[in-house]
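# Summary of the model geometry
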Amino acid sequence: MTRSISILGATGSIGASTLDLIRHNRESWRVEALTANCSAVELAQLAREFGAKIAIVGDQTYLSDLRDALAGSGIEAAGGNKALCEAAARPVDMTVAAIVGCAGLAPTMAAVERGGTIALANKEALVSAGDILKSASECADTVLLPTDSEHNAIFQCLAGNDITNVRRIVLTASGGPFRTLDAEALKSVTREQALKHPNWEMGAKITVDSATMMNKGLEFIEAHHLFPIGLENIEIIVHPQSIVHSMVEYRDRSVLAQLGPSDMRVPIASCLAYPDRMETRLKPLDLAAIGQLTFQAPNEELFPATRICREAIEAGGAAPAILNAANEIAVEAFLDGQIRFTRITAVVEHTLARYSAAAPSTLEDVLAIDGEARICARDALESSALV
Ligand code: NDP
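Below, the structure is looked at part by part. No experiment lies behind these values; they were computed from the predicted model shown.

In this model, Tyr274 is joined to Pro275 through a cis peptide bond whose omega is 5°. As for its placement among the helices and strands, Pro275 is situated in the loop between helix 12 (265–273) and helix 13 (287–290). Even without being a glycine, Asp141 presents a positive backbone phi close to 60°. Inspection of the secondary structure puts Asp141 in the loop between helix 6 (123–140) and strand 7 (143–146). Residues other than glycine seldom take positive phi values, yet Ser242 does so here, at roughly 50°. In this fold, Ser242 is placed in the loop between strand 9 (234–238) and strand 10 (244–250). A relative accessible area of 5% means that Ser242 is categorised as buried.

Attention now moves to the site of the ligand. Within the structure, the ligand sits among 24 residues, and Thr11, Asn37, Cys38, Ser39 and Glu124 are positioned closest to it. Here Asn37 contributes a backbone N or O atom positioned 2.8 Å from an oxygen atom of the ligand. Within the side chain of Glu124, one N or O atom sits 2.6 Å away from an oxygen atom of the ligand. In isolation the ligand offers 900 Å² of accessible surface; the protein chains occlude 86% of this area.

Next up on the list: helix 10 (residues 204–212). Where burial is concerned, most of helix 10 is hidden: seven out of the nine residues are buried. Those residues of helix 10 hidden inside the fold are in contact with helix 6, helix 9 (191–194), helix 11 (214–226), helix 14 (305–315), helix 15 (319–335) and helix 16 (343–354). Count one or two residues on from helix 10 and you reach Met213, which has phi positive near 75°.

Here we come to the packing of helix 4 (residues 81–88) against helix 5 (residues 105–114). Contact pair helix 4 / helix 5: the axes reach a minimum separation of 8 Å and the direction vectors enclose 30°. One way to sum up the angle between helix 4 and helix 5 is to call them roughly parallel. Crossing geometry of helix 4 relative to helix 5 is assigned as right-handed. Every residue of helix 5 that contacts helix 4 at Leu84, Cys85 and Ala88 is listed here: Ala106, Pro107, Ala110, Ala111 and Arg114. Of the residues contributing to the contact of helix 4 with helix 5, the split by class is seven nonpolar, no polar and one charged.

By the definition in use, this model includes three aromatic pairs. Here Phe178 and Phe341 contribute two aromatic rings whose centre-to-centre distance is 5.1 Å and whose plane-to-plane angle is 80°, an arrangement assigned as edge-to-face. In this pair, Phe178 sits in the loop between strand 8 (166–173) and helix 8 (183–187) while Phe341 sits in the loop between helix 15 and helix 16, placing the two residues 163 residues apart along the sequence. For the pair formed by Phe178 and Phe341, the shared burial category is buried.

Helix 1 (residues 13–23) sits mainly inside the fold: eight of its 11 residues count as buried. Buried within helix 1 are the following residues: Ile14, Gly15, Ser17, Thr18, Leu19, Asp20, Leu21 and Ile22. Tucked inside the fold, the buried residues of helix 1 contact strand 1 (3–8), strand 2 (29–36), helix 2 (40–50), strand 5 (94–97) and helix 12.

A few words on the pattern of salt bridges. In this structure the tally under the stated criterion is 25 salt bridges. Notably, a salt bridge pairs Asp148 with Lys123, separated by 2.9 Å at the nearest N-O pair. With Asp148 in the loop between strand 7 and helix 7 (149–158) and Lys123 in helix 6, this residue pair connects regions lying 25 residues apart in the sequence. When its relative accessible area of 7% is taken as the criterion, Asp148 is described as buried. For Lys123, a relative accessible area of 4% corresponds to the buried category. Between Glu192 and Arg191 there is a salt bridge; the shortest N-O distance is 3.6 Å. According to the relative accessible area criterion, Arg191 is partly exposed, its value standing at 35%.

Thresholds, definitions, all that
- Residues numbered from 1 in each chain as written.
- Predicted model: local features only at pLDDT ≥ 70, side-chain atom pairs only at ≥ 80, totals over all residues.
- Heavy atoms only, no water.
- Helix = DSSP H or I, 4+ residues; strand = E, 2+ residues; numbered from the N terminus.
- Buried < 20%, exposed > 50% of the residue type's maximum accessible area, 1.4 Å probe, protein only.
- Near = heavy atom within 4 Å.
- Polar contact = N/O pair within 3.5 Å; in protein donor to acceptor, adjacent residues only side chain to side chain.
- Areas by Shrake-Rupley, 256 points an atom, 1.4 Å probe, with all protein chains shown as cover.
- Contact = heavy atoms within 4.5 Å.
- Axes fitted to C-alpha atoms, helices over the stretch in contact; angles between N-to-C directions.
- Parallel < 35°, antiparallel > 145°, perpendicular 65-115°, else oblique.
- Left-handed = near helix turned anticlockwise from the far one by under 90°.
- Nonpolar A, V, L, I, M, F, W, Y, C, P; charged D, E, K, R; others polar.
- Phe/Tyr/Trp six-rings, centres within 6.5 Å; stacked < 30°, edge-to-face > 60°.
- Salt bridge = Lys/Arg side-chain N within 4 Å of Asp/Glu carboxyl O.

Have a look at this one:
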């Protein structure tokens, strides 16, 4: 049976992994919409290869490039945020929400409100607007399939079990490239070092988030929204090999874990085929070659991001949206060479301390908070107190 699919963020790392799976299962999928922000030529190539009906660039200034690159193909082209949301609302069997950052929130929300099945990779949308997205999803009877490898692992470990029997969720973290450094060495790490993740190949923002451990903090908040078992029952453990993708402990102390290669095509395939399974061309896991799986407690003194995220979700209201916006600004500034690595979390804490807002109840509220928090975080970038 052929199913229809739209991919929001098709030119990114998750987009590429999804399209790779589709490329080898062409008969199973019909591509409706593919989106990017500014990679117009790459998007047009993908749209042509997969016979998409429409291609959309978020940044309107790239629309003419997209039109030129699609000339003669019969594929519709569109640009701007409104067009992204309209494309996301087109009826399809499956939407892959893989835009990076809060920029993905409005299109993801449009897909959620339309209903159907969403493979949700865009964790920032859930962090900034978790309650709003979840209630929209309940209203529209949308199926949200967690695509992040940890949450997908938990989802798989929960299958066939009642969540009320869960005692604990254990999120695994690789610890990133700087896991073994001390505070002094951490101050002078470079952009290039931060962009070299030991186990995963991902987009720049999530790779830096992994290095600060902010990614794990965001995932803590994501897990809280997807699997409501109480914040005190969600734990983080460092597992440098990234083979155990997360675990669920039940009341009887039985612990279920999901293992697999460190390749996002595994969790994405599990979403694409859900509730069935599909073939992938990945090498099987060779545990004898890996030899050892190790675990250790996270070091929150050196990597405070998980503590900051826990405090933000405990505070609730606008705090997670402020945290997410500040982190996006700080990561961008680090990647632009404006601030050093250790200032990323300092900027986030500073913004959370300086700016507060009433709890958001609509998408528009979240976007307004996001905008204000960005302004405040940009001010924090200038602050000489944050060294
Ligand atoms: P990438 O940076 O590789 O790709 C991001 C995609 O979003 C690109 O298609 C990009 O388009 C598009 N995009 C960026 N900014 C905007 C914008 N303002 N408006 C519209 N589209 C935009 O990111 P990843 O694929 O790494 O990550 C995507 C999401 O998935 C993130 O939320 C991340 O946390 C999550 N995730 C990623 C994992 C991974 O392995 N990569 C693992 C688990 C979760 P363009 O190319 O034009 O810039």
